Amino acid sequence: MPIKSSKKRKQRKYHYNAPLHVKGRQLSSHLSGDLREKYKKRCVRLRKGDTVRVMRGGLKGLTGKVSEVLMNKMMVAVEKAALTKADGKSIPKLIHPSNLEVVKLDLTDPKRRGKLKTKTGGND
């Protein structure tokens, strides 16, 4: 069903109540320059194991692997990005995918490799 309303409150409602197959598409980040040239794609869906660079916020410049992708919260946990609580426990800092740039892709999944290959016209 297409989204018909242009009201901001309804747009937020559609965004937060979207089904998981739509939320997954919204969990994508831009590729770095060399990956963009190699795969002829601007952005890619984030997965556990991808190496990303933080582009915005207090952790700008930090590079680490994606340790968790939270579909319901629309956020990503990066290995080296952590907060220390008052009792000394370390919890992951959740980052929105729009603030990340993919530096290295995790290509262990043959389906993902095939999907990237079809976009490039046969190059690996």
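Please refer to the structure higher up on the page.
An account of the accompanying structure is given in this report. Keep in mind that what you see is a predicted model, and the values were worked out from it rather than measured. (Residues numbered from 1 in each chain as written. Predicted model: local features only at pLDDT ≥ 70, side-chain atom pairs only at ≥ 80, totals over all residues. Heavy atoms only, no water.)

On a plain count of helices and strands, the protein chain comes out with four helices and seven strands. Start at the N end of the protein chain and walk to the C end: the helices and strands fall as α-α-β-α-β-β-β-β-β-β-α. Taking all 124 residues of the protein chain together, the buried fraction comes to 27%. Taking all contacts inside the protein chain whose residues are at least 6 apart in sequence as the whole, residues at least 24 apart take part in 45%. Accessible surface, the protein chain as shown: approximately 8,700 Å² in total, 52% of it carbon and sulfur. Mean positive and mean negative side-chain charge positions of the protein chain (33 and 10 charges, respectively) differ by 11 Å. (Helix = DSSP H or I, 4+ residues; strand = E, 2+ residues; numbered from the N terminus. Buried < 20%, exposed > 50% of the residue type's maximum accessible area, 1.4 Å probe, protein only. Contact = heavy atoms within 4.5 Å. Areas by Shrake-Rupley, 256 points an atom, 1.4 Å probe, with all protein chains shown as cover. Lys, Arg positive; Asp, Glu negative; His and termini not counted. Charge placed at Lys NZ, Arg CZ, Asp CG, Glu CD.)

The next thing to look at is the sheet that holds strand β3 (residues 51–54). If you trace the seven strands from one edge of the open sheet to the other, you get β2-β1-β7-β3-β4-β5-β6, paired in mixed fashion. A strand with exactly one partner marks an edge of an open sheet, and here the two such strands are β2 (43–45) and β6 (90–95). Averaged over all pairs of adjacent strands, the angle between strand axes in this sheet comes to 55°, irrespective of strand direction. Pairing of strand β5 (residues 75–84) with β6 involves five bridges; the strand directions are antiparallel. From the neighbouring strand, Ala82 faces β6, where its bridge partner is Pro92. (Pairing = 2+ DSSP bridges. Axes fitted to C-alpha atoms, helices over the stretch in contact; angles between N-to-C directions.)

What follows concerns the side chain of Ser32. Assignment of secondary structure puts Ser32 in the loop between β1 (28–31) and α3 (33–39). Aside from chain neighbours lying at most four places away, what touches Ser32 is Glu101, Val102 and Val103.

A few words now on the nonpolar core. Counting residues in each nonpolar core, the largest one holds 17 residues, and the members touching the most others are Val52, Leu100, Val102 and Leu105. Within the residue set of this core, elements represented by two or more residues are α3, β3, β5 and β7 (100–104). Ignoring anything within four residues of it in the chain, the contact list for Leu105 reads Leu31, Leu35, Tyr39, Val44, Asp50, Arg112 and Leu116. (Core = buried A, V, L, I, M, F, W, Y, C linked by side-chain atoms within 4.5 Å.)

Time to look at the pattern of salt bridges. A side chain of one charge can pair with a side chain of the opposite charge if their charged atoms are brought near each other. Summed over all chains, the structure comprises three salt bridges. With a closest N to O distance of 3.0 Å, Arg47 and Asp109 form a salt bridge. Linking Arg47 in the loop between β2 and β3 with Asp109 in the loop between β7 and α4 (110–120), this pair joins segments that are 62 residues apart in sequence. By relative accessible area, Arg47 is classed as partly exposed at 33%. The partly exposed category is assigned to Asp109, whose relative accessible area is 24%. A salt bridge links Asp50 to Arg112, with the shortest nitrogen-to-oxygen separation between them at 2.8 Å. Of the two residues, Asp50 is situated in the loop between β2 and β3 and Arg112 in helix α4; the sequence distance between them amounts to 62 residues. Arg112 carries the same exposure label as Asp50, and that label is buried. (Salt bridge = Lys/Arg side-chain N within 4 Å of Asp/Glu carboxyl O.)

Before going further, it helps to spend a moment on a positive patch on the surface. A surface patch of positive charge is lined by Lys7, Arg9, Lys10 and Lys13. Looking at the element boundaries, Lys10 is found in helix α1 (residues 8–16). (Patch = residues over 30% accessible without salt bridge, like charges linked within 9 Å, V, L, I, M, F, W, Y side chains within 5 Å.)

Read these as layout, nothing more, since geometry by itself doesn't imply function.
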